[in-house]
Amino acid sequence: MNQPLRIVTRSSPMALAQVERVRSLLAETDPGLAVEVVPITTTADKWTGSLTALGGKANFVKEIDAVLAAGAADVAVHCLKDMPGETPLPEGMTIAAYLDRDDVRDCLISPAGHTLAELPQGSRVGTSSVRRRAQLAAIRPDLEFEDFRGNANRRLEKLFNGEVDAAVLAVSGLERIGRTEVITEVFEPETVLPPVGAGILALQCREDDSTTIGVLAPLNDPKTWREADCERMFLHVLQGHCNSPIAGYATEANGELTLRGAVYSLDGKTVLTARETAGALAPADLGTAVALAIAQQGGRGLIESIDH
Ligand SMILES: NCc1[nH]cc(CCC(=O)O)c1CC(=O)O
C-alpha cells in the first residue's frame, strides 16, 4: 500500500554510508517505511581529469538532481559542501532537512606520520581544493600541491602508493568510510577554517512532494539548519564558484550564532577575514553581513581573479 521512499545516491563508499545513516534515522522516526536505494554513477565520478574542465564539482550534484526532477527518486542526500553556492537550489527543489552536523575539520594524512609542521621542505601534498591549497600555503609556503581526484578511498590508495607525500581530507568523510586511523593531524578551525557546509548532509526533495517533506522533516536538526542557512547566504552573497578559495564557518553557542568567513589568494599570501555575531540578526542576514565585510576588503576581486 505505502510506496517505498527512493533515495538516489552516488555509489562511492562515502555516499552509500550517508544513505545508510538516513535509512537508520528513518527506521526510528518511521518504522513502517520501506526505503529503496537508487545508486547512480555520475559523469564526474568517471572523469579523471580536472573538475574545472568538466564544469566544476557541481557536476556530482547535477546528475543526482536530474534523477530527482524526473521523478525516478524521492530524496537526494547531498553533502552541503558540494552544492553550488552561486545559484539557489534548482527550480522545484527544496531542502527538507539538514542532519545533525558532523565533524567540520580537515585533517592531514601523511603515511610517514608527519604533522603539517613536520613535513619535509617541498613535500607534495595531494589536494585539488583551492581552499585547502591556499590555507596550507599560508602556513607552509614551501609545499607543492598536486591535483588529487577520485573518491576518498581512491585518494587514500593513491596516497599510500606514494603518488604524493601527504593529503588533506575531511575528518567526517573518513569517519563515514571508517578510515580515521590514517589521520596524522586534525586541523582546528582556528588553523584551517572549514568550508561552507562542512560536515552537513542535506536531504533534498521536490518542493511539491509534501509526503516526502513530511517524512523527512523529523530528521532536521534546527541548529544545523541555522548554521547552514548562514553559511550558504555568505557564499551566495560573495558569489563563490566551485573553484573559490573561500571558507565560512558558523557556530551556535549559548543560542548565539557567530560566523567566521575568509577569502584567500591562491598562494595564501592574501587572507581576508571577517567575523561577526548575530545579535538580533537572522542567520541569513549574518551571512550577508560577513560577506559584505569581506567584499569591502576586496574579496570579490580575489574570487573573480581565479578561473572557473
Ligand atoms: N569534496 C568531496 C567531499 N564532499 C564532502 C566531503 C566530506 C564530508 C563533508 O564535509 O560534508 C568530501 C570529502 C573530503 O573533502 O574529504
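Source: prediction; values computed, not measured.

Q: Go over the nonpolar core with me, naming the residues and quoting the values.
A: Counting 20 residues, the largest nonpolar core has Phe-234, Leu-238, Ile-246, Leu-259, Val-263, Leu-286 and Ile-294 as its most contacted members. Of all elements in the fold, only helix H9 (222-238), strand E11 (246-253), strand E12 (256-264), strand E13 (271-277), helix H10 (283-296) and helix H11 (299-304) reach the threshold of two or more residues within this core. Here the element with the most residues in this core is H10; it accounts for five residues.

Q: Quick rundown of the sheet that holds strand E4 (residues 93-98)? Include the residues and the values.
A: Sheet architecture is open: five strands sit in the order E2-E1-E3-E10-E4, paired in mixed fashion. Taken across any chain shown, the strands that pair with only one partner, and hence form the sheet edges, are strand E2 (35-40) and E4. Averaged over all neighbouring strand pairs, the angle between strand axes comes to 35°, with direction disregarded. In the sheet, strand E1 (residues 5-10) pairs with strand E3 (residues 75-79) via two bridges, with the strands oriented parallel. The residue bridging Ile-7 from the neighbouring strand is Val-75, located in E3.

Q: Explain the site of the ligand to me, and be specific about the residues and the numbers.
A: The local shell around the ligand consists of Met-14, Cys-79, Lys-81, Asp-82, Arg-132, Leu-169, Ala-170, Ser-172, Arg-176, Ala-198, Gly-199 and Ile-200. Taking Asp-82, its side chain carries an N or O atom lying 3.0 Å from a nitrogen atom of the ligand. In the model, an oxygen atom of the ligand is placed 3.0 Å from a nitrogen or oxygen of the Gly-199 main chain. Elements with a minimum of two residues in the shell around the ligand: strand E8 (166-170) and helix H7 (171-176). Grouping the amino acids of the shell around the ligand by side-chain chemistry returns six nonpolar, two polar and four charged. Mapping the shell around the ligand onto the domain boundaries places at least three of its residues in each of domain 1 (5-99 + 199-220) and domain 2 (106-186).

Q: So what's going on with the domain arrangement of the chain? Which residues, and what values?
A: Split by domain assignment, the chain resolves into domain 1 (5-99 + 199-220), domain 2 (106-186) and domain 3 (233-304). Averaged C-alpha coordinates put domain 1 and domain 3 at centres separated by 26 Å.

Q: Tell me what's going on with the UniProt feature "domain: Porphobilinogen deaminase C-terminal" (unreviewed entry) in the chain, and back it up with residues and numbers.
A: When the UniProt feature table is mapped onto this chain numbering, "domain: Porphobilinogen deaminase C-terminal" (unreviewed entry) sits at residues 226-294. When the span residues 226-294 is considered, its composition is 36% helix and 35% strand, and the gap between its end C-alpha atoms is 21 Å.

Conventions and cut-offs
Sequence positions are assigned chain by chain, starting from 1 and proceeding in written order. Only residues with pLDDT of at least 70 get local features here, since the model is predicted, and only at 80 or more are side-chain atom pairs given and counted; chain-wide, interface and lining totals rely on the full set of residues. With hydrogens and water excluded, all non-hydrogen atoms of the structure serve as input to the side-chain values. To qualify as a nonpolar core, a set must consist of buried Ala, Val, Leu, Ile, Met, Phe, Trp, Tyr and Cys residues joined through side-chain atoms within 4.5 Å. Residue burial is assigned from relative accessible area. The probe radius is 1.4 Å, only protein chains are included, and a residue is buried under 20% of its type maximum, exposed over 50%, and partly exposed in between. Each helix is a run of DSSP H or I of at least 4 residues and each strand a run of E of at least 2, with the numbering of both proceeding from the N terminus. Strand pairing is assigned whenever DSSP detects at least two bridges linking the two strands. For helices, the fitted axis covers only the stretch in contact; all axes are lines through C-alpha atoms, and the angles between them, taken along N-to-C directions, range from 0 to 180 degrees. If even one non-hydrogen atom of a residue comes within 4 Å of a molecule or strand, that residue is called near it. Any pair of nitrogen or oxygen atoms within 3.5 Å is treated as a polar contact; in protein, a donor-acceptor pairing is required on top of that, and neighbouring residues in sequence qualify only through side-chain atoms on both sides. Residues are grouped as follows: nonpolar covers Ala, Val, Leu, Ile, Met, Phe, Trp, Tyr, Cys and Pro; charged covers Asp, Glu, Lys and Arg; every other residue, Gly included, is treated as polar. Residue ranges assigned to each domain were obtained from an automatic or database domain assignment. UniProt positions are given in the numbering used here, feature names are shortened, and annotations may be inferred rather than shown by experiment.

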